[in-house]
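Chain and residue survey
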Amino acid sequence: MDLLGLIDSIPGEDYGIPDNDPPDYYGHGTHVAGTIAGCTNNGIGIASGSFNVKQLAIRAAVAFTYNGTRTARGYSNDFVRAIQYVVNRQVRVISISFGGSTPDSSYQAVTEYARENGAIMFAAAGNSDSIEINYPAGYPNVISVASLRRGNLRSTFSNYGPTIGISAPGSSIWSTMTLQSNEATLYASWSGTSMATPNAASVAALIFSKNPSLTPAQVQQYLYQNATNISALNPGYQLGAGGVNAQRSIQATPRRPLLLVSPSARSDTIWLNRPDTIRWSDTQSNAIRIEWNRNFPYDAWQALLATTPNDGIHIWTPTGAELPHVRIRVISNTNILWNDRSDYSVPLMNPQLTIGAHSNVVAYHARDTIRWNMAGVNRVDVKWNRNYPMGSWDTIATNIPAANGQIVWTIPSLPTQHARIKVIDRRYPELSSLSPDDIAIVPPMLAWNDSLNSDSLWGGLPTTLYWDSFGVFGTLKLDIMIGYPTGNWSPIFEELPNTGNTTFMIPTSISNDHVRFRLQWNLDTSVTTITSRDIPITRATYRIVSPNGGENWGINEVHRIEWSSNNPATVLVQLNRTFPSGQWIPISDPVTNANSVLWSVTSPISGRCRVRVIPQSSTMVGDTSDANFQIGVSSVNLDENTIPGELILLSPQPNPANASVTLRFGLPTPLPVKVAIFNVHGQEIAEFPERMYTPGYHSISLNLTQRNGLHSSSGIFIVRVTSASRSYYTKGLYVK
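Calculation notes
Residues numbered from 1 in each chain as written. Predicted model: local features only at pLDDT ≥ 70, side-chain atom pairs only at ≥ 80, totals over all residues. Heavy atoms only, no water. Phe/Tyr/Trp six-rings, centres within 6.5 Å; stacked < 30°, edge-to-face > 60°. Helix = DSSP H or I, 4+ residues; strand = E, 2+ residues; numbered from the N terminus. Buried < 20%, exposed > 50% of the residue type's maximum accessible area, 1.4 Å probe, protein only. Pairing = 2+ DSSP bridges. Axes fitted to C-alpha atoms, helices over the stretch in contact; angles between N-to-C directions. Salt bridge = Lys/Arg side-chain N within 4 Å of Asp/Glu carboxyl O. Expected span 1.5 Å × (residues − 1). Contact = heavy atoms within 4.5 Å.

On to the packing of aromatic side chains. Inspection of every chain in the model, using the stated rule, returns 17 aromatic pairs. Relative to Phe 98, the ring of Phe 79 lies with its centre 4.0 Å away and its plane at 25°, an arrangement referred to as stacked. Taken together, the residues Phe 79 in helix H2 (residues 76–87) and Phe 98 in the loop between strand S3 (93–96) and helix H3 (105–116) connect sequence positions 19 residues apart. Phe 98 gets classed as partly exposed once you look at its relative accessible area, which sits at 25%. With a centroid separation of 6.3 Å and an interplanar angle of 85°, the aromatic rings of Trp 448 and Trp 467 are classed as edge-to-face. In this pair, Trp 448 is assigned in strand S28 (residues 445–448) and Trp 467 in strand S30 (residues 462–470), connecting sequence segments 19 residues apart. Both residues of the pair, Trp 448 and Trp 467, count as buried. One aromatic cluster in this structure is built from Phe 79, Phe 98 and Tyr 107.

Next up on the list: the sheet that holds strand S24 (residues 406–410). Spatial strand order, S19-S21-S24: 3 strands in an open sheet with antiparallel pairing. Looking along the sheet, the strands with just one partner apiece sit at the ends: strand S19 (352–355) and S24. Taken over all neighbouring pairs, the strand axes of this sheet differ in orientation by 25° on average, direction set aside. Across 4 bridges, S19 lies against strand S21 (residues 367–375) in antiparallel orientation. Directly across from Ile 355, in S21, lies its bridge partner Trp 372.

Moving on, we come to the pattern of salt bridges. Under the counting rule described, the total for this entry stands at 13 salt bridges. For the salt bridge of Asp 129 with Arg 154, the shortest nitrogen-to-oxygen distance reads 3.0 Å. Taken together, the residues span a long stretch of sequence, with Asp 129 in the loop between strand S4 (120–124) and strand S5 (142–149) and Arg 154 in strand S6 (residues 153–154) at a distance of 25 residues. Arg 154 gets classed as buried once you look at its relative accessible area, which sits at 8%. Notably, a salt bridge pairs Asp 626 with Arg 543, separated by 2.7 Å at the nearest N-O pair. In this pair, Asp 626 sits in the loop between strand S44 (623–624) and strand S45 (629–632) while Arg 543 sits in strand S37 (residues 542–546), placing the two residues 83 residues apart along the sequence. Taking relative accessible area as the criterion, Arg 543 reaches 42% and is therefore assigned partly exposed. Within the structure, one salt-bridge network assembled from shared partners comprises Lys 477, Asp 479, Glu 494 and Arg 518.

Take the pairing of strand S18 (residues 346–349) next. Relative to S18, strand S11 (residues 270–271) runs parallel, the two sharing 2 bridges. From the neighbouring strand, Trp 271 faces S18, where its bridge partner is Met 349. Of the strand pairs in this sheet, strand S16 (residues 323–332) and S18 are connected by 2 bridges, and their pairing is antiparallel. Bridging across to S18, Val 326 finds its partner in Val 346.

Moving on, we come to the sheet that holds S30. Across the sheet, which stays open at both edges, the 3 strands sit in the order S28-S30-S33 with antiparallel pairing between neighbours. Two strands close off the open sheet at either side, each with one partner strand: S28 and strand S33 (501–505). In this sheet, adjacent strand axes meet at a mean angle of 30° when their direction is disregarded. Alignment of S28 against S30, held across 4 bridges, turns out to be antiparallel. Bridging across to S30, Met 445 finds its partner in Phe 470.

Turning our eyes to something else, we now look at H3. Between its first and last C-alpha atoms H3 spans 17 Å; for 12 residues at 1.5 Å apiece the expected length is 16 Å, and the two agree. Taken together, the buried residues of H3 touch H2, S3, S4 and S5. Directly beyond the C-terminal end of H3, a positive phi value near 85° is found at Gly 118.

So, to be careful, I would describe these as geometric facts and stop short of saying anything about function.
Put into C-alpha cells, the structure is as follows:
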C-alpha cells in the first residue's frame, strides 16, 4: 500500500512540503533524544547518559494513524540523506533507532561515508527475539546494540547473534515525550533496542567529550574493552562485547592532549577593558592558535591569536560592546584534532560597582553597614566626605575584597548634614560609585512616649513605660526621682535592654505627686531624657467592708461581698475556708472593680472563713477580712410571710441522685420571674415561662430529664433566674 494513503492528515508533517520545523507527532524520536542528551543535574524529569553534549536531532520519517494507533514510517533514501546531513556538519556520534531485515546498498554506502568522516554509528539490533540481522545495524561500520533488562539480563524481545557489537539498558526506560504522541504526557517508559541504542551512543559521546582527538575506531575500542562481561548471565545468547560500562570506559580513556582550562566554567566572565587570562594545558603541541566565537553557536569562529607559544597562558584585554554568549577555543598547530573550547558560553561584560541603598540619617556611635554590588572588581577602597562636595575624602577602609559586598564602620561624633560615601575599584580607580544623596550625621536620641505623661501611676501595681530612640544600642539605665526637682535620682534598672518599653512594679512605699523618670544610655550618659512633667503616684488601697468578721452566712444564701478601693483595676475576689492555713479559691471570675459582688454561699460549713480582694495584676496590694466569719446551715426563713430585703437565689436542693430538684428564691416586691436550666455544655435543658410572683419566698420543681434530645450530664448544671431585666445564676449537682 502506498505510504501516502496511510497518512491521516496530521498537521505539521513534512511529507511532500519540507520545511525546517520537525515536530515529533509520534514520540519515538523525542524519547531517544532525551536518553542521549536530556539536561542533567537540574532536578527535573530524567537524566541522560551524556553530559554537556550538543545534539542535532533530524526527523526523516512521518507520523500517521493506522487502525486508531499513532505510528511512523519513512523511505530509505530519506534516512540516507539524514545521515549525510549530520556527517557533513561534523557530528561525531550517530544514533539510529530504526531499521529493517532487508539490506540496502545505499545504507551500507552512507555508513562507510560516516566512518571515513570521523563519525561513530550505533543502530538498534531489532526486537524480534531472534538471531535475525537488522539493517543498518548489521553493517561492519555500525555498532549493533542489543537490549538488556535489570540485572544485565537480555531483554526478552531483543535480537542477538554474531553481528551484535555491544548491549545496553533498553527495558522500561523513562525519557522525554511529546504531548502529540499516543502517551500525551511529558515523560514515558518505553522498551526496545531503540531505547538501548541511545544509551550506548551517549557513552561514546562522553568519551569524545573527554578526548575529542580520538578516532571512531579508538572510541569503539574503549567501549568494547571496558564492557561488563555478561556471558554467564545470558548463556546461549551472543550479546557482543558485553554490557556498556560508562564508568570504566571513561576511566580508561586518556585525557585529551589539549585542554582549555579557562574561561570554560559556567561561572566564568570576560571583562571588557580589563586584562583577561586564557589558560590551557598541553604537553604535545609546538604552538597554539586561539579563536573566539562572539555569539556561539550562531557566529563563525574568528582568530584571536593566530599563533602563540605553548606556554599554557595568554593575557589579552578585550574591547568593544558587551556580548552574552562568547566562547574561546584553543587549537594545536601540531594536530588540528587536538582542540578544546569553553564548556559553556560566557558573557563579555563591563565591570560594575554600585553602592547600595543607605539611610539618609545616621547617629553617632552607631555601627553602620555600607553595602555595594559589584561585577569584575577584585578589591575596593571605601571613603567618606563629611562636607560633600567641598570637603576632602577620608578613608573608612582600604583593600577590602569586593566579593564581601559590605563593611561595617562606626559613625564618628562629627555632626553634618552633607556626608557622602564612595566605593572605589582599588586597581582601576576610575570605576567608583557615590552614595546618591547627602547623609546627615546627628546625635543619638532618647525620648519618652507622650502617653506616659498623661497617666497617674499606682504604687504596688505594675506599670509600663514607653520610649523612642534613635541611634541608641546596647543597654540603658532607668532612674526615678521622688519629690522632683529636690529629690535624688535612684536606680530602677542599671542594665535595661533598649526595647522601647519596660514593665516593672512600683513599690508600695511610693506615694508622691512629684515623680519623674530618667533614661540614660550606658555607652554615652550625655544621651538622656527626663519625663517632661510630674507624674503622681498613689498607693493602691483596698478595704473589705463585708464580711469583715463575725458574720454567719448560711449555705445557699445570697450575700453581697463589699469593699472600697481607690483603684479601678480588675480584681480577684477569693475565699479561704480555713484561714490562715487554707488555700485561696476564687468566688467569681475576675471582675471590674465595682466594689461589690453577689455570692451564693456554698458548702461546706466552716467557722474560719475569710475573703480577700486583690488586683488581678498584683498580690502586693489588696485587703483581707479583719476577722473570721462563719458559713453554716441556712438561716433563711422560707415562711411565705417573710419578705427579703432583696432578691435572694438559693442553690437547688437537695443535692440529688434523681431528676427532680427544688429551686428556691425570695422577692422583695412583686416581680416577673423566668427560669431556665442549662447543662455543662451551655445547652438549654428546660425553660419555665415568665410569670408574676408575689413578695416572699417561692419554690419551683425542676426536672432534669431529657428534653428535645438534650439532657444534663452527671455533674454541674446551671440555673438562670431572670427578673426585671437582670439575670441571676446558681448551680447544682446532678448524679445519675
